[in-house]
Amino acid sequence: QVQLVESGGGLVQPGGSLRLACAASGTIFRISAMGWYRQAPGKQRELVATITSGGSTNYADSVKGRFTISRDNAKKMLYLQMNSLKPEDTAVYYCSGDIARTVVDRTRDYWGQGTQVTVSS
């Protein structure tokens, strides 16, 4: 089994900061790309940021300059530092990983259960 568990969500005022974390556990041989996605009420899930195993990053235009994605490969951890938060950042944030369980397996996408981020005064 592979599990991705997010933490760090909560209520924050506009302009504030939060740091999300995602822990991968279980039978894992290799983690390739990882990413953060979010889904606001009544909207489709959208990409926030991705990072390759080598550290190359990609961000949605709406979060560029405010959010920073990072990972610790040794600890199997993924992070999202969110600064200058806006009410429109309110959503459930999901962690995703492209993971191979054994040396013979192909990678497949795994998802966490999500963590709520609410930006409001």
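Along every chain, residues carry numbers that run from 1 in the direction the sequence is written. Totals for whole chains, interfaces and linings use all residues, but because this is a predicted model, local features are given only for residues with pLDDT of at least 70 and pairs of side-chain atoms are given and counted only at 80 or more. To get the side-chain values, take all heavy atoms of the structure and skip hydrogens and water.

A.B. asks: Can you help me understand the pairing of strand S3 (residues 18–26) in this one?
C.D. replies: One face of the sheet, then the other: side chains in a regular strand alternate in exactly this way. Think of it this way: DSSP has to see at least two bridges between two strands before they count as a pair. Note on conventions: DSSP H or I runs of at least 4 residues are helices, E runs of at least 2 residues are strands, and numbering of each starts at the N terminus. Relative to S3, strand S1 (residues 2–7) runs antiparallel, the two being bridged by 6 bridges. Its bridge partner being in S3, Glu-6 is matched across the sheet by Cys-22. Direction of pairing for S3 relative to strand S8 (residues 77–82): antiparallel, over a ladder of 6 bridges. In the sheet register, Leu-20 faces S8, and the bridge partner there is Leu-80.

A.B. asks: I'm lost on the environment of Thr-102 in this one. Help?
C.D. replies: Relative to the elements of secondary structure, Thr-102 occurs in the loop between strand S9 (91–100) and strand S10 (108–111). Burial status follows relative accessibility: with a 1.4 Å probe on protein chains alone, a residue under 20% of its type maximum counts as buried, one over 50% as exposed, and anything between as partly exposed. Thr-102 sits in the partly exposed class, given a relative accessible area of 30%. Separated by 73 residues in the primary sequence, Thr-102 and Phe-29 have C-alpha atoms spaced 4.9 Å apart.

A.B. asks: What exactly am I supposed to notice about the packing of aromatic side chains here?
C.D. replies: Aromatic rings in a pair are described by how distant their centres are and how their planes are angled relative to each other. Stacked, tilted and edge-to-face pairs are distinguished by plane angle, under 30 degrees for stacked and over 60 for edge-to-face with tilted covering the rest, among Phe, Tyr and Trp rings (Trp via its six-membered ring) whose centres lie within 6.5 Å. Enumeration over the complete set of coordinates arrives at 1 aromatic pair. Stacked on the ring of Tyr-79, the Lys or Arg Arg-19 has its end atom at 4.1 Å from the ring centre. Charge-over-ring placement is defined geometrically: NZ (Lys) or CZ (Arg) within 6 Å of the ring centre, and within 35 degrees of the ring normal. Positioned over the ring face of Tyr-110 is Arg-108, at 4.0 Å from the centre of the ring.

A.B. asks: Teacher, can you tell me more about the environment of Asn-73 here?
C.D. replies: Mapped onto the secondary structure, Asn-73 falls in the loop between strand S7 (67–72) and S8. Classification of Asn-73 as partly exposed rests on a relative accessible area of 44%. Along the chain, Asn-73 and Ile-51 lie 22 residues apart, while their C-alpha atoms are 11 Å from each other. Within the local environment of Asn-73, its side chain forms a polar contact with the backbone oxygen of Ser-53, the two atoms lying 3.2 Å apart. Definition of a polar contact: a pair of N or O atoms within 3.5 Å, with one able to donate and the other able to accept a hydrogen when the atoms are protein atoms, and with sequence-neighbouring residues admitted only if both atoms are side-chain atoms.

A.B. asks: Whenever I open this one, the nonpolar core confuses me. Can you help?
C.D. replies: Where a protein is soluble and globular, its nonpolar side chains tend to be buried together. Counting residues in hydrophobic clusters, the biggest one holds 31 residues, and the most contacted among them are Trp-36, Leu-80, Met-82 and Tyr-93. Contributions of two or more residues to this core are made by S1, S3, strand S4 (30–39), strand S5 (46–51), S7, S8, S9 and strand S11 (115–119). Definition used in this section: a nonpolar core is a set of buried Ala, Val, Leu, Ile, Met, Phe, Trp, Tyr and Cys residues joined via side-chain atoms within 4.5 Å.

A.B. asks: Looking at this structure, I do not really get the pattern of salt bridges. What am I missing?
C.D. replies: Two side chains of opposite charge can pair, provided their charged atoms sit close to one another. A carboxyl oxygen of Asp or Glu within 4 Å of a side-chain nitrogen of Lys or Arg is what we treat as a salt bridge. Applying the stated criterion across every chain, the model contains 4 salt bridges. Between Glu-46 and Arg-38 there is a salt bridge; the shortest N-O distance is 2.7 Å. A residue is classified by how much of its surface remains accessible, and Glu-46, at 37% relative accessible area, is partly exposed. A cluster of three or more residues bridged by salt bridges with shared partners is formed by Arg-38, Glu-46, Arg-66 and Asp-89.

A.B. asks: Hey, could you run me through unusual backbone geometry in this one?
C.D. replies: One non-glycine residue, Lys-76, lies in the positive phi region at around 60 degrees. Among the secondary structure elements, Lys-76 is positioned in the loop between S7 and S8. A residue is classified by how much of its surface remains accessible, and Lys-76, at 30% relative accessible area, is partly exposed. One non-glycine residue, Ser-84, lies in positive phi territory at about 50 degrees. Structurally, Ser-84 can be placed in the loop between S8 and S9.

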